[in-house]
Amino acid sequence: MAAFGVAAFGGRGAGTVPGVRSDLSGESGDVAAPVETGMWDVSDEALLAGYATGDAEMAVVFVRRFQARVFGLALMITRDRTEADEVAQDAFVRAWRYARSFDARRGTVSGWLLGITRNAAVDRMRMAGNRRERFDLRGPDELGIDLAVDDEAPLAAERHDALAQVARSLRSLPDPQREALVAVTLRGLSTREYAEAAEIPLGTAKTRVRLGLRRLRDALEVEA
Amino acid sequence: MSASTSGGGGGGRFRPLGCDEVKDLGAEFALGLLDGADRAAVVAHLEGCRACRSQVALLAEAGEQMLLVAPSAEPPPGFEQRVLDRLGPQGVRPRPMSRLGPRPGRTRRRNPGLGASSGRWFVPVLGVAAVMLVVLGGAAAVLRAGDGDGTGNGREVAGEHPQPERSTARLLSSHGQRDVGGVVIFDSDPRVVEVDMAEWMERVAGWDDPPPGPWTLAVERADGSREQHILALADDPRPRIPLQSGGAPVASVAIQDGTGHVWCSATL
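Residues numbered from 1 in each chain as written. Chains lettered and ligands numbered in written order. Predicted model: local features only at pLDDT ≥ 70, side-chain atom pairs only at ≥ 80, totals over all residues.

A. Region of the structure containing the overall build of chain B. Counting its secondary structure elements, chain B contains 7 helices and 8 strands. Put simply, chain B has 268 residues, and 40% of those count as buried. (Helix = DSSP H or I, 4+ residues; strand = E, 2+ residues; numbered from the N terminus. Buried ≥ 20, exposed ≤ 12 C-beta atoms within 10 Å, placed from the backbone.)

Here it is, written out as structure tokens:
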């Protein structure tokens, strides 16, 4: 039953019911079998389905598969390892709780999980009242992390072609638009915060975000 | 640009947006950057415009893909176990990963002291907990009937059809599926809905452009019937709302602002 026409909920219920097997992507039949055949090879979707059911082995593999990326994004937004630790934990708990709301037709597990991570990080930063006075859009990151848009950068095994496509598409954007998109997505800034950090009018910031995302979408379509 | 209210004050409805205006706001909406009036106005437009909905969905997908390029970073030692502890209600420690096999391309185990149990570690625990809840719920119903506060219905339910005394669900935001609060349905007559949005209301209070009131609790029952109740969330972020007596069980609840925009909902 649709919950008042809110498509985002997908009619899958607000909370995961522990102990009930997921029917995600119709792959529930794959959940139990891979234990003997090498669970590291299980698809992300099947892994998420197993994670939702409370399968211990699936849960461990799920966390290990994504923890570096989840923590990396959390660190990029919070810029504090302790905060990032908490945010990343929150993200995995939220993912477990809402795994049934994942719709494979609308995106990938990693994108969905990283979206949850971003939201968790932004929520935490805003509730803590962090103003990011130290944020420098153009300066080196004191945490030693940098945007992985360079094709020469070594890619982890799970960062297959999709990452390279996004990186190329992102790099094709004009610098101001790429800067704006990175700020409001990977840095977790609001448009207003980005405008302040970049010392540009709010309208200009909005325009950069708008044009940048459209151009990125077009570039991704071309790549695909 | 900004969507404006036609009526002014907190309860006015938004000026309907055209496709061109939504096109301007679509990127920020897709990235979750819009709050308040703008967001509500875009949502209202998207509900009736398939073309714009499709465009925004593409933008949202592109925004999600942006996150893929975030750099990885090794979490602090013990991270995996902390996550697993939070998932398991009693912090059950997994056993070594004897059945998982080696991880492709990796020769080093990141947390050699940690691993998985061979079974579904939190399923059985939660299963036991669920049984206990049912038992306790039945016992509570018996006790309630014994106290003489209820009617014969309570006694009948406790004696012949033990059911959970209440049901709970999380309230998820309509964008981003953020956990913004919880809801408890007390299975009394009349049924009572308890909403907890204290944390989220604190956040809303800090917005430059908070959603217009009044907040409304919209309830949909299993038979499709609906009812609405005004909430004073600013004064009481944890209100208890008695519903109309009788009727079908509650199927879902939603929290709407003064424009009718659904901010969050929960399905029971």
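That shown, we press on.
B. Summary view of helix α9 (residues 191-198) of chain A. Along α9 of chain A, the residues that are buried comprise Thr-191, Tyr-194 and Ala-195 of chain A. Each buried residue of α9 of chain A sits inside an arc of 100° when the element is viewed along its axis, so together they form one side. Along its buried surface, α9 of chain A packs onto α8 (175-184) and α10 (202-223) of chain A together with α1 (19-30) of chain B. Positive phi shows up at Glu-199 of chain A, right after α9 of chain A, with a value of about 55°. (Arc of directions from axis to C-beta. Contact = placed C-beta atoms within 7 Å.)

C. The sheet that holds strand β3 (residues 192-196) of chain B, seen in detail. Residues and elements named next belong to chain B. Taken in spatial order, the 8 strands line up as β5-β4-β7-β8-β1-β2-β3-β6 in an open sheet, and their pairing is antiparallel. Of all the strands in the sheet, the pair left with one neighbour each is β5 (226-231) and β6 (240-242). With direction set aside, neighbouring strand axes in the sheet form an average angle of 20°. Relative to strand β7 (residues 250-256), strand β4 (residues 215-221) is paired through 6 bridges, and the arrangement is antiparallel. (Pairing = 2+ DSSP bridges. Axes fitted to C-alpha atoms, helices over the stretch in contact; angles between N-to-C directions.)

D. Broad picture of the confidence of the model for chain A. All names here are of chain A. Of the residues in chain A, 67% reach a pLDDT of 70 or more, and the chain-wide mean stands at 72. This model gives residues 1-37 a pLDDT under 50, and the stretch forms 89 contacts once residues within four places in sequence are excluded. Scored below 50 in pLDDT, residues 138-158 makes 27 contacts in the model with residues more than four places away or belonging to other chains. (pLDDT = per-residue confidence, 0-100.)

E. Quick peek at the packing of helix α3 (residues 44-53) of chain A against helix α4 (residues 56-78) of chain A. All names here are of chain A. Close contact between α3 and α4 brings their axes to 8 Å; oriented N to C, the two are set at 125°. When the axis of α3 is compared with that of α4, the two are oblique. Here α3 and α4 pass one another in a crossing that is left-handed. Only Met-58, Ala-59, Val-61, Phe-62 and Arg-65 of α4 make contact with α3, whose side of the interface consists of Leu-47, Leu-48, Gly-50 and Tyr-51. Along the lines of polarity and charge, the residues of the contact of α3 with α4 split into 7 nonpolar, 1 polar and 1 charged. (Parallel < 35°, antiparallel > 145°, perpendicular 65-115°, else oblique. Left-handed = near helix turned anticlockwise from the far one by under 90°. Nonpolar A, V, L, I, M, F, W, Y, C, P; charged D, E, K, R; others polar.)

F. The arrangement of the pairing of strand β8 (residues 262-267) of chain B in detail. Residues and elements named next belong to chain B. The buried count for β8 comes to 6 of 6 residues, which makes it a mostly enclosed element. As defined by bridge partners, strand β1 (residues 166-173) adjoins β8 across 2 bridges and the pair is classed as antiparallel. Residue pairing in the sheet places Ser-173 in a bridge with Cys-264 of β8. With 5 bridges joining them, β7 and β8 adopt antiparallel strand pairing. Residue pairing in the sheet places Ile-255 in a bridge with Cys-264 of β8.

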